[in-house]
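What follows is the residue order along each chain.
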Amino acid sequence: MIVTLQTLASTLATLRSSPRLAVDTETTGLRPYHGDMPFAIIVADWDHEYYFNLAESCAWRPAAAQLQEDLFSHEKTWYFANAKFDLAMLAKMGLVPRGTIHDLAVHERLLDSTLFGQVFSLDAMAERRGKKKDGGPKAWCEKNGAVTRVPVEGKQTTVKQYHFDRVPLGIIVPYAKLDARLTFDIGREQEAAFVLAELPDIPSLAPLVVNERQLTETVYAMEAVGVKVDLAFCRRAAVHEGQRYAEALRGFELIAGKPFVNSANCLAPLFAGQTLRLTPKGHPCFDAEALSTYTGPVAKLVTDIRGFKGASDYYHGFLYHADADGVIHAGFNQHQARTGRFSSSAPNLQNLTKSDEEELEDEFVVRRAFVPRPGYFFAMFDFHQMEYRLMLDYSGARGLIDKILGGLDIHQATADLAGITRSQAKTANFLTIYGGGDGVLAAKLGVTVGEAARIRAAIKAAAPENAAFIDECEAVARRRGFVYGWFGRRHYFPDQNDSYRAPNAVIQGGCADVIKLAMNRVARLLRGTMSRMVLTIHDELVIETHEGDSRLLAEIKGLMEEAYLHRHIPLTVGVDHSFKSLADKTEGYP
DNA sequence: GAACAACGCACC
DNA sequence: AAACGGTGCGTTGTTC
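The shown structure was predicted, so the numbers you read here are calculated from the model rather than taken from an experiment.

If you walk across this open sheet you meet the five strands as β16-β17-β13-β18-β19, and the pairing is antiparallel. Strand pairing shows two members of the sheet lacking a second neighbour, β16 (532–536) and β19 (586–587), which therefore form its edges. Summarising the sheet, strand β13 (residues 376–383) and strand β18 (residues 573–578) pair through six bridges and their orientation is antiparallel. Residue pairing across strands places F381 opposite V575, the latter belonging to β18. Strand contacts of helix α20 (residues 502–526): β13, β16 and β17 (540–546), with the helix running at about 160° to β16, the strand carrying the most contacts.

Okay, here's the thing in structure tokens:
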């Protein structure tokens, strides 16, 4: 039904007693931090959908207070298809749901570690359950010119915008009601699936579910606060990199006699006569590594061109995504990675170029674009060698652990025990965690496969417990089709050929769940203070700390370290800080 | 025109 | 038989 101001009170009275409700919003666009607004809120209970038509009258603004008081303030489980988006839109109406936030995509991930790609949309989740979504509004927009293509500075492509707010009620209402219906039904199905997944004598998923649900609120707050960029710096940097890019393009054309196109078609003729490496698909390879082995004046130029373009893309992306206050509200996606890690998007803040000391001499380095707001500084916390230490704690590799507890660096300890160089040990250690074989190790070290095998054998002899952990993990995945991670996360490997990935999933996923737990605890600690979490980068948290909150920093470090209860070797956390930017950091507390 | 595959490259 | 784990994004070229 369509709720009017006249029927508002009675509708709220009906909904108030429901322990679970699905909520969906219809909005003017997809960018809550760039002025888009909700024009409808749809609530579904067990058997009805209620369309609150905010567009109907400007009287809805005051009525929102009643919506908060008589609906959202009541503690419930709230199902959302895309919680952080809807929470941001609701917040624009002053609406804040109380109770438990159940994001469909987050729960879908917990139920199935194999899901990959664009399978977390409501459409896709519905389709997997034999339900169908309604394409009416999109089709209407296409037919009636309610689609805008927005060109983006520094980009070849355009962004498509659907104006759902122009769609007639007769089309949008049934569509919106169906979405809310699907959200409720899928939410219920997921909860039922978790009940079924609880069996005696196996690790419970419950702690994981509790943590991820809380985390949705933690991450929503983090995204809403966002992180500030220096817009003027970004504009200058975009121009600077753009100029270097254009100059390098001219240089290429001068030498090659044709314009640069970043494709094998364009590049291959320029390296005629040389033996070219091949990509996995058998095409000639022109990545930086391959180019460095080719001869000719354009090889270096191609790498330069790509470097300048890459840098320029970062700054253009920041300018595109920053809101009117120069704040970027990037997405931190709880559900996207199969191991349980976060991913980041729009823009991705987990792959910002890192600059070494020499590069930091330059004016324009990517991380310098990110600055603390007035009265704040950045405190950066990162787990030391998180994945490797977690593996050591799982395996209990005594010899290595003793050396490391004695203060030795992990790779040096490996090198000492195995009689190899630190550099070799470091490469081998990474590959161990990634499941790399002797062939890859040989390629990385520039030695023969036989020599690589010898190095591996030496490491295995020095720390047989690590090898045993990996073999066991892989064997279990092969036999049973899945393995349990720390905190009860289940990693499925239906294809036996993928079993070699199981140890990595357990380690990477374990680290993810440690930092996810720490994030909720840090968020709780910071509640009521002026400070806030702004970034999470796999083994690192960045806190935008108010100058008056410095005393909290040691406590945050402690929370992170204690999030994982170790058996053999604890996780330790390093601290950096900066009053300037993400680039210019100083070790330790301020 | 849009969707898709492939590549290249940034991070942990 | 043999295996380098997990991401997001921009571009190019092909295909429907």
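Now that the structure has been shown, the text picks up again.
Now for helix α4 (residues 104–111). The element α4 is extensively covered by neighbouring structure, given that seven of its eight residues are classed as buried. Taken residue by residue, α4 has L104, A105, V106, H107, E108, R109 and L110 as its buried positions. Of the surrounding secondary structure, the elements contacted by the buried residues of α4 are β5 (76–80), β6 (99–103), α5 (122–128), α7 (169–197) and α8 (206–225). For α4, the N-terminal capping position is held by D103, with its side-chain oxygen 2.9 Å away from the main-chain nitrogen of A105.

In this section: the pairing of strand β8 (residues 158–162). Look at any regular strand and the pattern is simple: side chains alternate between the two faces of the sheet. Relative to β8, strand β7 (residues 147–151) is paired through five bridges, and the arrangement is antiparallel. Its bridge partner lying in β8, V150 is registered against V159. Hairpin connection from β7 to β8: six residues lie between these consecutive antiparallel strands, with G154 at a positive phi of about 80°.

The subject of this paragraph is the packing of helix α19 (residues 464–480) against α20. Packing of α19 against α20 leaves a shortest axis separation of 8 Å and a crossing angle of 110°. Here α19 lies roughly perpendicular to α20, going by the angle between them. When α19 is examined against α20, the residues F469, I470, C473, E474 and A477 are found in contact with a partner set consisting of A502, P503, V506 and I507. Its residues placed into classes, the contact of α19 with α20 shows eight nonpolar, no polar and one charged.

Assigned domains within chain A: domain 1 (2–129 + 166–197), domain 2 (228–374), domain 3 (388–509) and domain 4 (511–587). One C-alpha centre belongs to domain 1, the other to domain 3; they are set 45 Å apart. Between domain 1 and domain 3, the residue contacts involve six residues of the former and five residues of the latter. Taking both sides of the interface into account, the surface hidden between domain 1 and domain 3 amounts to around 410 Å²; carbon and sulfur atoms contribute 47%. Summed over the three residues of domain 1 that lose the most area to domain 3, namely L110, S113 and T114, the buried surface amounts to 66% of that side. Our enumeration of links across domain 1 and domain 3 arrives at zero salt bridges. Taken together, the links from domain 1 to domain 3 amount to two residue pairs in polar contact (both at pLDDT 80 or more). Considering every element that reaches the side of domain 1 that touches domain 3, the biggest residue donor is α4, with three residues.

The next point concerns the layout of surface pockets. The space that makes up the second largest pocket amounts to roughly 680 Å³. Along the walls of the second largest pocket sit 27 residues, with Q214, E217, T218, A221 and R527 positioned nearest its centre. At the level of elements, α3 (83–92), β6, α8, α20 and β16 are the ones that each hand at least two residues to the lining of the second largest pocket. It is α8 that contributes the most residues to the lining of the second largest pocket, 11 residues altogether. For the lining of the second largest pocket, a count of residues per class yields 16 nonpolar, six polar and five charged.

This part covers the protein's contact with DNA strand B. If you check the shell around DNA strand B, you find 20 residues, and the closest are T279, F286, R341, K354 and D539. Side-chain polar atom of T279 to a phosphate oxygen of DNA strand B: 2.4 Å apart, as the coordinates give it. Here a phosphate oxygen of DNA strand B and a backbone polar atom of K354 are 2.6 Å apart. Tallied by class, residues from the surface near DNA strand B come to six nonpolar, six polar and eight charged.

Another point: the protein's contact with DNA strand C. Surrounding DNA strand C, one finds 31 residues, the nearest of these being S263, S343, A346, K444 and Y500. Atoms of DNA strand C within 4 Å of the protein: sugar and phosphate make up 69%, bases the balance. Between DNA strand C and the protein, one listed contact pairs a sugar or linking oxygen with a backbone N or O atom of Y434 at 3.2 Å. At 3.0 Å from a base nitrogen of DNA strand C is found a side-chain nitrogen or oxygen belonging to N497. Those elements that place two or more of their residues in the surface near DNA strand C are α12 (297–321), β12 (343–345), α17 (438–445) and α20. Residue contributions to the surface near DNA strand C peak at three residues, all from β12. Per-class residue counts for the surface near DNA strand C are seven nonpolar, 17 polar and seven charged.

Considering the arrangement of structural elements, one finds D86 in helix α3. According to the relative accessible area criterion, D86 is buried, its value standing at 2%. Put simply, D86 and D24 are 62 residues apart on the chain and 6.6 Å apart in space, counted from C-alpha to C-alpha. Non-local contacts of D86, meaning those with residues more than four positions away in its chain, are made with V23, D24, T25 and F80.

Here is what the cut-offs are and how they apply
Residues numbered from 1 in each chain as written. Chains lettered and ligands numbered in written order. Predicted model: local features only at pLDDT ≥ 70, side-chain atom pairs only at ≥ 80, totals over all residues. Heavy atoms only, no water. Pairing = 2+ DSSP bridges. Helix = DSSP H or I, 4+ residues; strand = E, 2+ residues; numbered from the N terminus. Contact = heavy atoms within 4.5 Å. Axes fitted to C-alpha atoms, helices over the stretch in contact; angles between N-to-C directions. Buried < 20%, exposed > 50% of the residue type's maximum accessible area, 1.4 Å probe, protein only. Polar contact = N/O pair within 3.5 Å; in protein donor to acceptor, adjacent residues only side chain to side chain. Parallel < 35°, antiparallel > 145°, perpendicular 65-115°, else oblique. Nonpolar A, V, L, I, M, F, W, Y, C, P; charged D, E, K, R; others polar. Domains from an automatic or database assignment. Buried area = accessible area lost by both parts, 1.4 Å probe. Salt bridge = Lys/Arg side-chain N within 4 Å of Asp/Glu carboxyl O. 1 Å grid on protein atoms, 1.4 Å probe; cavity = no way out; pocket = protein on both sides within 12 Å on 5 of 7 lines; lining within 4 Å. Points joined across faces, edges and corners; volume = space filled by probe spheres on them. Near = heavy atom within 4 Å.

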